[in-house]
Amino acid sequence: MCVIERVLPAGVVAEESFGDASHDPASVLFPEEVPLVARAVPKRQREFATVRLCARRALGRLGIAPAPLLPDRRGAPQWPHGTVGSMTHCDGYRAAVAARSNEVASIGIDAEPNGPLPDGVLDIVSLPRERVWIRALSAHRPEVCWDRLLFSAKESVFKTWYPLTGRELDFTEAELYADPVSATFAARFLVSGPVVDGRRLSGFSGRWAVGAELVVTAITVRGPSAPAPPRSVDVTPRNLLTDP
């Protein structure tokens, strides 16, 4: 099983790579994609090519023919008609996921090294109450870098939010809580949320996992034809601090 598959529901397919393709990146990219990284350093070119190979393999498992995956004005990849997807990359890891848009309205994934955030970053990306549960869980479960998990989960929130709204979302516009028992997290929007299938969402719920020296997170918003998900776990600050 892929590392990222541990946090994905049925109906979402994933492909991953723990290294970059050895061949020339331009040889595996579509002509429209090549200019996007023509001036980038070789490392960035290889990373770009490999994560798109992962995306095309994932789409292929849905029966979708290979096609260019071009960014929009904000840099978010545009997926073929009838599909949704998400990509992630960090040192030594690339992954992409895809699903049918009638089953999944939006999806966001992120992978990060399971190590502490650089000094000063947590204060930028977190809210005061988030720092409270990070300190509490770090004392009880030090094998998980909870500050990095928060960062990863907020990246997944943005990647899920943006295709639904076309708007930016700041790190401080969603408040997150992570449940160490169920390996889930909940994000509560502090601004008006997106409308999906006629219903305005007040937040997202997601899953997290740690493995292969990575922390991975994913959020899946189901589409109109998907079956109702099982009842989600109630994630509250009280549970987090008393039941680590």
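Residues numbered from 1 in each chain as written. Predicted model: local features only at pLDDT ≥ 70, side-chain atom pairs only at ≥ 80, totals over all residues. Heavy atoms only, no water.

A. Representation of the overall build of the protein chain in the model. Looking only at helices and strands, one finds six helices and ten strands in the protein chain. Whereas a compact globule of 244 residues would reach a radius of gyration of roughly 18 Å, the protein chain reaches 18 Å, a difference of no more than 12%. For the protein chain, with 244 residues in total, the buried portion stands at 48%. Within the protein chain, contacts between residues at least 6 apart in sequence are counted, and of these 63% link residues at least 24 apart. Roughly 11,800 Å² of accessible area belongs to the protein chain as shown, and the carbon and sulfur atoms make up 54% of that amount. (Helix = DSSP H or I, 4+ residues; strand = E, 2+ residues; numbered from the N terminus. Rg over C-alpha atoms; globule rule 2.2 N^0.38 Å. Buried < 20%, exposed > 50% of the residue type's maximum accessible area, 1.4 Å probe, protein only. Contact = heavy atoms within 4.5 Å. Areas by Shrake-Rupley, 256 points an atom, 1.4 Å probe, with all protein chains shown as cover.)

B. Here's a closer look at the sheet that holds strand β5 (residues 174-179). The strand order across the open sheet formed by five strands is β4-β10-β9-β6-β5, and the pairing between neighbours is antiparallel. Every other strand in the sheet has two partners, leaving β4 (104-113) and β5 as the edge strands with one partner each. In this sheet, adjacent strand axes meet at a mean angle of 20° when their direction is disregarded. With six bridges connecting them, strand β9 (residues 203-211) and strand β10 (residues 214-222) associate as antiparallel partners. Following the sheet pairing, Gly206 is matched in β10 by Ile219. Most of the contacts of helix α5 (residues 146-165) go to β4, to which it runs at about 150°, and overall it touches β4, β5, β6 (184-189), β9 and β10. (Pairing = 2+ DSSP bridges. Axes fitted to C-alpha atoms, helices over the stretch in contact; angles between N-to-C directions.)

C. Looking closely at the confidence of the model for the protein chain. Here the protein chain averages 90 in pLDDT, and 92% of its residues register 70 or above. Low pLDDT, under 50, characterises residues 229-244; the stretch is placed with 27 contacts to residues that sit more than four places away or in other chains. (pLDDT = per-residue confidence, 0-100.)

D. A look at the nonpolar core. Core analysis: the largest hydrophobic core is formed by 32 residues, its most contacted members being Trp133, Trp146, Val157, Leu176 and Phe204. Of all the elements in the fold, those that place two or more residues in this core are α3 (121-125), α4 (128-140), α5, β5, β6, β9 and β10. When residues in this core are grouped by element, the largest group, nine residues, is from α5. If near-sequence neighbours (up to four positions away) are discounted, Phe204 is found in contact with Val157, Thr160, Trp161, Leu164, Phe185, Ala186, Ala187, Phe189, Pro194, Ile219 and Val221. Within the second largest apolar cluster, 21 residues are counted, among which are Val3, Cys90, Ala209 and Ala218. (Core = buried A, V, L, I, M, F, W, Y, C linked by side-chain atoms within 4.5 Å.)

E. Seen up close, α5. Its 20 residues place the ends of α5 28 Å apart at the C-alpha level, agreeing with the 28 Å of an ideal helix rising 1.5 Å per residue. The element α5 is extensively covered by neighbouring structure, given that 16 of its 20 residues are classed as buried. Looking one or two residues past α5, Gly166 carries a phi angle of roughly 70°, positive in sign. (Expected span 1.5 Å × (residues − 1).)

F. Region of interest: unusual backbone geometry. Within the chain, Asp197 stands out as a residue other than glycine whose phi angle is a positive 55°. With respect to the secondary-structure elements, Asp197 resides in the loop between β7 (195-196) and β8 (199-200). Overall, the relative accessible area of 63% leaves Asp197 in the exposed class. Phi angles above zero are rare outside glycine, and Glu213 is one such case at about 65°. Within the secondary structure, Glu213 sits in the loop between β9 and β10. For Glu213, a relative accessible area of 72% translates into the label exposed.

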